[in-house]
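Each chain is listed here by its residues.
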Amino acid sequence: MSLMRTSSPHLSAANPVQHVMQQVLLALIPGLIALIHFFGPGVIFNLLAACGFAVLCEALVLRLRGYDLRFFLSDYSALVTGALLAVSIPPYSPWWLIFIGAFFSIVVAKHLFGGLGQNPFNPAMVGYVVLLISFPVYMTHWTAPSDLANTPGLLQSFASLWSNEYYDGTTMATPLDLMKQNEGQMLTFLYANNPQFGSYAGLGWEWVNLGFLAGGLWMLHKKLFTWHGPVGMLAALGILSALFYDDGSSASGGSPLFHWLSGATMLGAFFIITDPASGATSNLGRLLFGAMVGVLVYCIRVWGNYPDAVAFAVLLLNFCAPFIDYYTIPKPYGTEDSQS
Amino acid sequence: MTMAEFFLNDLTQTVLVFLTLGGLFGLLLGYASIRFKVEGDPIVEQINALLPQTQCGQCSHPGCRPYAEAIASGEAINKCPPGGEDTIHRLADLLGMEPQPLDGEHGIEKPKTVAFIREAECIGCTKCIQACPVDAILGAAKLMHTVIAQECTGCDLCVEPCPVDCIDMIEVTTNIKTWGWEAPENDDIIATDRMSDKAA
Amino acid sequence: MNTAKHTFHGGIRPLEHKEDSNTTPIEIAPIPPMLVLPLQQHSGPTAKPCVTEGEYVYKGQMIANAADASGASIHASSSGYVVAIEARLVAHPSGMADTCIVIETDGLDAAIETSGHPNWRNLNRVELLDILHRSGIVGLGGAGFPTARKLNTDSIDTLIINGTECEPYITADDLCMRERAADIIRGCEILKYIVGANSVIVGIEDNKPEAIESMGKAMPSSPDWKLVTFPTKYPSGGEKQLIEILTGRQVPRGGLPANIGIVCQNVGTAFAVKEALEDGKPLISRITTFTGQALSRRGNLEVRLGTPVSYLLDYMGYTEQKVPRLIMGGPMMGFALPDATVPIVKTTNCILAPDTNELPLPKPAQPCIRCGFCAEACPASLLPQQLFWHSKSSNFDQLDKHALDDCIECGVCSYVCPSSIPLVQYFRASKHEMRMRRNEQQQADKARERFEARQQRLEREALEREATRAARKAAAKAKAAESSRFADEADPVQAAIERAKAKKARLMQQSQQGAQMNAESALDSLKTKLAAQQSTLQQAEADEKSEKITTALQASIRRLEQQIAESETKPPSKDVEE
Ligand code: SF4
Ligand code: SF4
Ligand code: SF4
């Protein structure tokens, strides 16, 4: 009898790549619901368009590279990139904006660097930053939360996908914008004068961030990543904002809660910096990576030119990841300080 | 233009500053390179360490070391057949050159062999002993000779001189003790192949 | 009974499948018609056969000698005739053949006379180690390291008995502990005595309650003996991992457990040690688990070493599979057999005959997504994803830096990898490649040394030759100078001519004298002959011999007289010239 010969181990745990990616997509749901609730159905079209374009780009590149389409498309990685891009850009964006973002994410940031797992930069963030720099007007106009203005209906949202104008019906400065532009107001006044602030960190934004936090905790529970990155980032951000809170004076940078729950903080902490390909490798490395992202996010938010900074901070740290890796190779079994 | 104006001229000033700085740094670096010189192996030693030490002379030098010396003084790095592409790549790395394909004039890369003397036929002429560059053959005049297989580099040099042709070069084959796993074939290709196999 | 307070980094909890095979007692397997005993069943030098083809051997008789103290000997596991000593396929991942002694059994199972040492405490350590060495005992849990060699170490404080059996499916140690706990403990006492340990820790995973119970009962109640259980996690049975679980200490990198005063032995080995010493029975059988859905009967067999796997598969009711695969060892670290005819050897703890659903064939690998699951699970705290990357690009410096050598090939990383990358195979290949390179480097260094030594020798010899030639030349010159001093006194040519003339004259004289002498002596001899003939004639006449004789004698005398007359008249010089 001729026997089949395979290399050990002959067993495998079934959490294949497609499952991992599906779990990431599932974890996005609470945040998405909050986004849709507060910013309207535009979010849905963003999502559909971004995912569609991302898969399209992926398929094209795979075909060009001569890869088996069915096998490689079924890993869901393009969908995850598309979804992350979709929740980063303002709702009611025109289709071509989304397409450019998806193109840069998938073709340039992912495949030009070798494809899945070999991208040194976070693909969704590359797409986002390219759009932010090229089309600042489109990218800095966020819809007003539904409590303060009427959000467009489904049809209107669909139409905005094809309009060339940025959607300015009811856009409003985000709390981060307001914080940046604050000229000498005590925080209590600032909050009181601008309804966008809601109770802690921005109407709607608080819930969106809580949603992403919930999804993130679920992924942590599923062991899709370790706690080191998110904890590093949130801790650094919290510590810095506490240090410079200055009791809510006119020079205050905002409270820790404000920084944790506004903008893209939770999305960044649980969905972006946990991208393993572009992050650091060891646990210590991830802790450092997260902490440095946190520091950068705070610095750019408070002293830099942009109101939010997760994308820039992440891309900058992506540069440093190999360097961090170089110095944080874990000690193998049997070395003095690896005792349990 | 007065002297003062000349020196106050922005452009001139900048150029001067950079020249001075450049000079200073140059001096500093020059000093440092002498003061903190790293005592590395001389280049000949480093090259020799990469050569396979077969001592076969196929590079048309009487041994690996002489070839190492020749490389150090500019000879091509692709003349060593026993070392093959591997050695060429490592030499290219060391010397910061482009690797070249093996120069066919000096022979082709062959699997490693060891010499074996059919002892019944050996007449004890000692000719092979004189030819062996690494003293891997044992024997005395009129007495049977034998090859110490562990010491033999497989250089072939003892085969020619044997008057009764009793030396064979035997290919070194893998046995159960020297066998080792091979890496999986390129997984990208395998993956697609398998998938299309399944589809077919 | 205690519970361990420590654990090790990473690890996994695969489905155990232990109940498949641990519900029936150990069964003794029948004697196969043919036994195939490889000479290499252990790590270390190959044993040397000490029987010849055609010889009758008894059960327990040594048939191959350990090459040296680091080897292990082989014994016949039943009686019969040695029918061949030749290369046969053996259980090895390479699928290659190796030399085996083949015995055709006669079914008598006639054992050689042996006697055990029930009072082994009277023997000293060297004698005990010698007995273990001659009994061919090797570690039965893993790589088959010769036990005598492992025990031959000083300053051991703790003896750890490994009853972990963390691999899924395998239950050989479990059953051995359930049924033979008392013997195992006896073996442990011998081991403790040999290494001089102060304490013994028996470590068992908490998924074997029956084994824990029976071992607990058999154990001496002394503070020196501890039974420690710990949660089931693979690979807690790895020697280094077990030591960390039980003591909280790590074996230093590149070191041995002995470096921290610990020696580990498997429960099966302890049992074999007991049998070798107390009963005088060498290692000729072992307990092997037969499991997997392709078998209709699953359980543990005590099998004779050398029994072909195919024979035992038939015994356990094997159903042919579409894509047949047989695994020797567990599903995590075992290897796929090249052929079912290979024999059971000392290290065979399990034969796993899965059906295709049970152990699916490996999926095609996807790209590494760098998820880090592998690093989280690696019990050696390595970064398999980096090792994979550097293995693929053959970056051996980086592999060294990331401590590839510390990988224990446990398979945990491949097991958790969502991309189904055969990481362990990459690591094995890279380790092999690095080992080959190191060997090559050593060979090259040696060759260089020898070449340079020879070069120096040749130079020295050339110098010596030069020196002797110079000396000879100098000597010749000196001699020449000497003779020319004599020649100065007369004309050398004249002297030479004179010398030649003198020589000629001398020769002439000599030859003339010689010729005369020759002639005279010839005459003399003729005369003597004549005298002799005359006397014979007289004698013959006196004896009245026949006329014929006397006539012949008279004729001869006449010839002689004539010759004498002739020579006396001739001038002697003329004789010389002729
Ligand atoms: S024995 Fe022959 S082949 Fe081997 S090293 Fe010496 S000369 Fe070369
Ligand atoms: S588990 Fe597999 S996919 Fe994940 S990092 Fe390790 S090798 Fe890569
Ligand atoms: S096989 Fe090696 S690298 Fe993989 S988990 Fe085990 S020890 Fe770690």
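Cut-off values and rules
- Residues numbered from 1 in each chain as written.
- Chains lettered and ligands numbered in written order.
- Predicted model: local features only at pLDDT ≥ 70, side-chain atom pairs only at ≥ 80, totals over all residues.
- Heavy atoms only, no water.
- Helix = DSSP H or I, 4+ residues; strand = E, 2+ residues; numbered from the N terminus.
- Buried < 20%, exposed > 50% of the residue type's maximum accessible area, 1.4 Å probe, protein only.
- Contact = heavy atoms within 4.5 Å.
- Areas by Shrake-Rupley, 256 points an atom, 1.4 Å probe, with all protein chains shown as cover.
- Axes fitted to C-alpha atoms, helices over the stretch in contact; angles between N-to-C directions.
- Parallel < 35°, antiparallel > 145°, perpendicular 65-115°, else oblique.
- Left-handed = near helix turned anticlockwise from the far one by under 90°.
- Nonpolar A, V, L, I, M, F, W, Y, C, P; charged D, E, K, R; others polar.
- Buried area = accessible area lost by both parts, 1.4 Å probe.
- Salt bridge = Lys/Arg side-chain N within 4 Å of Asp/Glu carboxyl O.
- Pairing = 2+ DSSP bridges.
- Polar contact = N/O pair within 3.5 Å; in protein donor to acceptor, adjacent residues only side chain to side chain.
- Domains from an automatic or database assignment.
- Near = heavy atom within 4 Å.
- 1 Å grid on protein atoms, 1.4 Å probe; cavity = no way out; pocket = protein on both sides within 12 Å on 5 of 7 lines; lining within 4 Å.
- Points joined across faces, edges and corners; volume = space filled by probe spheres on them.

## So, the overall build of chain B
When its secondary structure is counted, chain B shows 7 helices and 4 strands. Helices (α) and strands (β) of chain B occur, in sequence order from the N terminus, as α-α-α-α-α-β-α-β-β-β-α. Burial status across chain B gives 32% buried among its 200 residues. Within chain B, contacts between residues at least 6 apart in sequence are counted, and of these 52% link residues at least 24 apart. Element-wise, carbon and sulfur atoms account for 61% of the exposed surface of chain B, whose accessible area totals about 12500 Å².

## Quick word on the packing of helix H5 (residues 95-111) of chain A against helix H6 (residues 123-134) of chain A
Residues and elements named next belong to chain A. H6 packs onto H5 with a crossing angle of 135 degrees between their chain directions and a minimal axis gap of 8 Å. As far as their axial angle goes, H6 and H5 are oblique. In this structure, H5 crosses over H6, and the sense of that crossing is right-handed. When H5 is examined against H6, the residues Leu-97, Ile-100, Gly-101, Phe-104, Ser-105 and Ala-109 are found in contact with a partner set consisting of Pro-123, Ala-124, Val-126, Gly-127, Val-130 and Leu-131. Split into classes, the residues belonging to the contact of H5 with H6 amount to 9 nonpolar, 3 polar and no charged.

## Overview of the interface of chain B and chain C
With 38 residues of chain B at the contact, the number on the chain C side is 35 residues. Roughly 3100 Å² is buried in total at the junction of chain B and chain C, and carbon and sulfur atoms are behind 53% of that figure. For the interface between chain B and chain C, the tally reads 5 salt bridges. Note that B:Asp135 is salt-bridged to C:Arg454, the shortest N-O span being 3.4 Å. For the side of chain B that touches chain C, the secondary structure elements donating two or more residues are helix H3 (43-50), helix H5 (84-95), helix H6 (127-131) and helix H7 (187-199) of chain B. A breakdown of the residues in the side of chain B that touches chain C according to their chemical character gives 16 nonpolar, 11 polar and 11 charged.

## Observations concerning the sheet that holds strand S8 (residues 80-89) of chain C
Residue and element names in this part refer to chain C. In space, the 4 strands of this open sheet follow the order S3-S9-S8-S5, with antiparallel pairing throughout. Looking at which strands have only one partner, the edges of the open sheet turn out to be strand S3 (34-38) and strand S5 (56-57). The pairing of S3 with strand S9 (residues 97-105) spans 5 bridges and is classified as antiparallel. Considered in S9, the bridge of Leu-35 is made with Ile-103.

## Considerations on the interface of chain C and chain A
Note on interface size: it is often stated as the accessible area lost on association of the parts. Taken together, the contact between chain C and chain A spans 69 residues of the former and 45 residues of the latter. For the chain C and chain A pair, buried surface summed over both sides reaches about 4700 Å², with 58% attributable to carbon and sulfur atoms. Interface area lost by chain C to chain A is led by C:Gln250, C:Ile369 and C:Arg370, which between them contribute 14%. Along the contact surface separating chain C from chain A lie 0 salt bridges. Across the contact surface, chain C and chain A share 13 residue pairs in polar contact (both at pLDDT 80 or more). At the level of elements, helix H5 (239-247), strand S17 (335-336), helix H8 (373-377), helix H9 (384-392), helix H11 (412-416) and helix H12 (423-487) of chain C are the ones that each hand at least two residues to the side of chain C that touches chain A. Here the side of chain C that touches chain A is built from residues that sort into 38 nonpolar, 18 polar and 13 charged.

## Points about the sheet that holds strand S13 (residues 262-266) of chain C
All names here are of chain C. Spatial strand order, S1-S12-S11-S10-S13: 5 strands in an open sheet with parallel pairing. For this open sheet the edge positions go to strand S1 (2-3) and S13, each flanked by a neighbour on one side alone. Those strands touched by helix H3 (residues 172-195) are strand S10 (158-163), strand S11 (199-205), strand S12 (225-230) and S13, and its axis lies near 165 degrees from that of S10. Sheet strands touched by H5: S10, S11, S12 and S13. Its angle to S10, the strand with the most contacts, is close to 115 degrees.

## Considering the pattern of salt bridges
Evaluation of the coordinates by the stated rule reveals 37 salt bridges over all chains. Here the salt bridges do not stand alone but share partners, grouping B:Glu45, B:Arg65, B:Glu69 and C:Glu452 into one network.

## Concerning the domain arrangement of chain B
All names here are of chain B. In terms of domains, chain B is made up of domain 1 (42-106) and domain 2 (111-176). In this structure, domain 1 and domain 2 have C-alpha centres spaced 25 Å apart. The interface is formed by 4 residues belonging to domain 1 together with 6 residues belonging to domain 2. Between domain 1 and domain 2, a total of about 340 Å² is buried, with carbon and sulfur atoms accounting for 62% of that surface. Counting the surface domain 1 buries against domain 2, the share from its top three residues, Thr-54, Gln-55 and Cys-56, is 90%. Between domain 1 and domain 2 we count 0 salt bridges in total. Viewed at the interface, domain 2 and domain 1 are joined by 1 residue pair in polar contact (both at pLDDT 80 or more). Across the side of domain 1 that touches domain 2, the residue classes break down as 1 nonpolar, 3 polar and no charged.

## Remarks on the domain arrangement of chain A
Residue and element names in this part refer to chain A. You can read the domains of chain A as domain 1 (13-172) and domain 2 (173-328). Of note, the centres of domain 1 and domain 2, computed from C-alpha atoms alone, are 21 Å apart. Listed as interface residues are 34 residues of domain 1 and, on the opposing side, 29 residues of domain 2. A buried area of about 2700 Å², summed over both sides, lies between domain 1 and domain 2, and 81% of it is on carbon and sulfur atoms. At the junction of domain 1 with domain 2, the criterion picks out 0 salt bridges. Joining domain 1 to domain 2, the criterion identifies 2 residue pairs in polar contact (both at pLDDT 80 or more).

## Focus: unusual backbone geometry
A:Ser8 connects to A:Pro9 through a cis peptide bond whose omega is -5 degrees. When you line up the elements, A:Pro9 lands in the segment before helix H1 (17-39). With an omega of -5 degrees, the peptide bond running from C:Tyr234 to C:Pro235 counts as cis. Position of C:Pro235 relative to the elements: it lies in the loop between S12 and H5. Here the phi dihedral of A:Tyr92 falls at roughly 65 degrees; this positive angle occurs in a residue that is not glycine.

## What about the pairing of S8(C)?
Residues and elements named next belong to chain C. Both S5 and S8 contribute to a ladder of 2 bridges, which runs antiparallel. Note that in S8 the partner of Val-57 across the bridge is Gly-80. Relative to S9, S8 runs antiparallel, the two being bridged by 9 bridges. Bridge assignment links Arg-88 to a residue of S9, and that residue is Asp-98.

## Let's talk about the site of ligand 2
All residues adjacent to ligand 2 are C:Cys368, C:Ile369, C:Arg370, C:Cys371, C:Gly372, C:Cys374, C:Gln385, C:Cys417, C:Pro418, C:Ser419 and C:Leu423. Here the residues of the shell around ligand 2 are counted per class, giving 7 nonpolar, 3 polar and 1 charged.

## As for the site of ligand 3
Lining the immediate environment of ligand 3, one finds 13 residues, of which C:Cys378, C:Cys407, C:Ile408, C:Cys410 and C:Cys413 sit closest. In terms of residue class, the shell around ligand 3 is built from 11 nonpolar, 1 polar and 1 charged.

## What to know about the environment of C:Leu458
Note that C:Leu458 resides in helix H12. Along the backbone, C:Leu458 and C:Ile287 are 171 residues apart, and their C-alpha atoms lie at a distance of 62 Å.

## With respect to empty space enclosed by the protein
Across all of its chains, the model carries 14 cavities of 30 Å³ or more by this definition. What the largest cavity holds in volume is close to 550 Å³. Lining the largest cavity we find 33 residues, and of these A:Met21, A:Phe271, A:Thr274, A:Asp275 and A:Pro276 sit closest to its centre. Taken together, the elements giving at least two residues each to the lining of the largest cavity come down to H1, helix H4 (77-88), H6, helix H12 (228-243), helix H14 (265-272) and helix H15 (283-303) of chain A. With 4 residues, the top contributor of residues to the lining of the largest cavity is H4(A). Across the lining of the largest cavity, the residue classes break down as 21 nonpolar, 9 polar and 3 charged. The residue makeup of the lining of the largest cavity includes at least three contributed by each of domain 1 (13-172) and domain 2 (173-328) of chain A. Approximately 160 Å³ is the volume found for the second largest cavity. Along the walls of the second largest cavity sit 17 residues, with C:Leu140, C:Phe271, C:Ser285, C:Arg286 and C:Ile287 positioned nearest its centre. Elements that contribute at least two residues to the lining of the second largest cavity include exactly H3, helix H6 (267-278) and strand S14 (285-291) of chain C.

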